[in-house]
Amino acid sequence: MTDGTFVSPYPVEDPQSLAELERAQGDLARAVGRLVDATVRTRQERPVLDEVTARVDTLVERLLEQAQEGPLGIETSSDGRLRDHANPMLGMRNPIAPPLVMTDDEGGVTCTFSLGAAYEGPPGCVHGGFVAAVLDQVLGTAAARRGVPGLTAYLNTTYRRPTLLGTDLVCRGRIDRVDGWKIFASGEIVDPQGEVTAEAEALFIVPRWAREHLGTPTGDAGDFAPPAGETGVSPTP
Ligand SMILES: CCCCCCCC(=O)SCCNC(=O)CCNC(=O)[C@H](O)C(C)(C)COP(=O)(O)OP(=O)(O)OC[C@H]1O[C@@H](n2cnc3c(N)ncnc32)[C@H](O)[C@@H]1OP(=O)(O)O
């Protein structure tokens, strides 16, 4: 959780090297994501498991030779880009991020995603906590894109039917109402057959300590302008 100190400037004197670094960070995250999936699904036995464990330990040591002490938080590069790279739902540096791919649509956002073996709850199905996490992120992103990047005050999730692993799922989030610093949102996850598997109603609130960074709130959703260049305050989920 941030205390309101958002900006950790990341210099962009050389945009090409930053792009290359980010590409490499993304490649690493995807490779480790495959490692997570393989770790869950492998049927290998000893001594292969012992050998792989030793090799992974060596790689961990290598990465930690140069690493940040605590969590990444929200970084802002000097070209104004928000760097939410650790986010477990969509962070480009986080191997457990599915990742969620968001697009803006009328009144909210739409996200397509598919989850594998590492997210299993009931056999063959997505764990309910991850179902809620997807809804939280998609509805929260819809709120942020309307210029009200609040923290989740509540997320009421209803599970209608199993959400299957390995299928192409769509999650939609929309803004229902804005009341000052409070933004009410709702959304659902839909399976390839068009059936709703889970739905949620949520309230996001911009906490008092963040309000001065966002200007004056207005009365309803339509009144909000999007944050300039996506550089507004964004919460650490
Ligand atoms: C792109 C980004 C996408 C992000 C998606 C993911 C988001 C997350 O997962 S965030 C992590 C989970 N959530 C948290 O950790 C939040 C923890 N709670 C808090 O920080 C605060 O309690 C918070 C932000 C909810 C409220 O902030 P605070 O500064 O205390 O607000 P406060 O001024 O007391 O209350 C504002 C209004 O909201 C109301 N309110 C506060 N909490 C709640 C609640 N839980 N339910 C209903 N109303 C509430 C108050 O009654 C008040 O109403 P009114 O203005 O009508 O009097």
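Because the structure is a prediction, the values reported are computed rather than measured.

(A) Representation of the state of the cysteines within the structure. Under the definition given, this model contains zero disulfides. Between C111, a free cysteine, and C171, which holds the nearest cysteine sulfur, the sulfur-to-sulfur gap is 5.8 Å. Here C125 is not cross-linked by a disulfide; its sulfur's nearest cysteine counterpart is in C171, at 17 Å. Residue C125 is classed as buried on the basis of its relative accessible area of 10%.

(B) Representation of the UniProt feature "domain: Thioesterase" (unreviewed entry) in the protein. In the numbering adopted here, UniProt assigns the feature "domain: Thioesterase" (unreviewed entry) to residues 124-197. Between the end C-alpha atoms of residues 124-197 there is a gap of 14 Å, over a span that is 24% helix and 42% strand.

(C) Structural context of the pattern of salt bridges. Enumeration over the complete set of coordinates arrives at nine salt bridges. A salt bridge links R55 to E51; the shortest N-O distance between them is 2.9 Å. Of this pair, R55 and E51 both sit in helix α2 (residues 48-64), four residues apart, which is roughly one turn of the helix. In this structure R55 comes out as exposed when scored by relative accessible area, which is 55%.

(D) Up close: the site of the ligand. Near the ligand lie 16 residues; those nearest to it are D136, T152, K182, I205 and R208. Here K182 contributes a side-chain N or O atom positioned 3.0 Å from an oxygen atom of the ligand. Contacts to the ligand include R211, whose side-chain N or O atom sits 3.3 Å from an oxygen atom. Protein contacts shield 57% of the accessible area of the ligand, which totals 1200 Å² for the unbound molecule. Taken together, the elements giving at least two residues each to the shell around the ligand come down to α3 (128-145), β6 (151-159), β9 (196-205) and α4 (208-211).

(E) A look at the packing of aromatic side chains. For the structure shown, the criterion picks out one aromatic pair. Between Y119 and F130 the ring centres are 5.1 Å apart and the planes differ by 90°, which places this aromatic pair in the edge-to-face class. With Y119 in the loop between β5 (108-113) and α3 and F130 in helix α3, this pair connects stretches of sequence that are 11 residues apart. A relative accessible area of 11% places Y119 in the buried class.

(F) Layout of the confidence of the model for the protein. Across the protein, the average pLDDT comes to 85, with 85% of residues at or above 70. Taken as a whole, residues 1-6 scores under 50 in pLDDT and shows 14 contacts with residues more than four places along the chain or in a different chain. pLDDT under 50 marks residues 219-237. Its contacts with residues more than four places away, or in other chains, come to 46 contacts. Predicted complex, confidence summary: ipTM 0.96, pTM 0.88.

(G) Layout of the sheet that holds strand β8 (residues 182-190). Spatial ordering of the open sheet is given by β4-β5-β7-β8-β9-β6, a layout of six strands whose pairing is antiparallel. Only two strands of the sheet have a single partner each, and these edge strands are β4 (101-105) and β6. Each neighbouring strand pair of the sheet contributes to a mean axis angle of 20°, computed without reference to strand direction. The sheet contact formed by β8 and β9 spans nine bridges and is antiparallel. Across the sheet, residue A185 finds its bridge partner in β9, namely A202.

(H) Layout of α3. With 18 residues, α3 ought to run about 26 Å at 1.5 Å a step, and its terminal C-alpha atoms sit 26 Å apart, in line with that. The complete set of buried residues in α3 reads V131, A132, V134, L135, Q137, V138, L139, G140, T141, A142 and A143. Next to the buried residues of α3 lie β4, β5, β6, β7 (169-179), β8 and β9. One or two steps after α3, the chain reaches G147, where phi turns positive at roughly 90°.

Criteria and cut-off values
Residues numbered from 1 in each chain as written. Predicted model: local features only at pLDDT ≥ 70, side-chain atom pairs only at ≥ 80, totals over all residues. Heavy atoms only, no water. Disulfide = S-S within 2.5 Å. Buried < 20%, exposed > 50% of the residue type's maximum accessible area, 1.4 Å probe, protein only. UniProt positions renumbered as here; feature names shortened; annotations may be inferred. Helix = DSSP H or I, 4+ residues; strand = E, 2+ residues; numbered from the N terminus. Salt bridge = Lys/Arg side-chain N within 4 Å of Asp/Glu carboxyl O. Near = heavy atom within 4 Å. Polar contact = N/O pair within 3.5 Å; in protein donor to acceptor, adjacent residues only side chain to side chain. Areas by Shrake-Rupley, 256 points an atom, 1.4 Å probe, with all protein chains shown as cover. Phe/Tyr/Trp six-rings, centres within 6.5 Å; stacked < 30°, edge-to-face > 60°. pLDDT = per-residue confidence, 0-100. Contact = heavy atoms within 4.5 Å. Pairing = 2+ DSSP bridges. Axes fitted to C-alpha atoms, helices over the stretch in contact; angles between N-to-C directions. Expected span 1.5 Å × (residues − 1).

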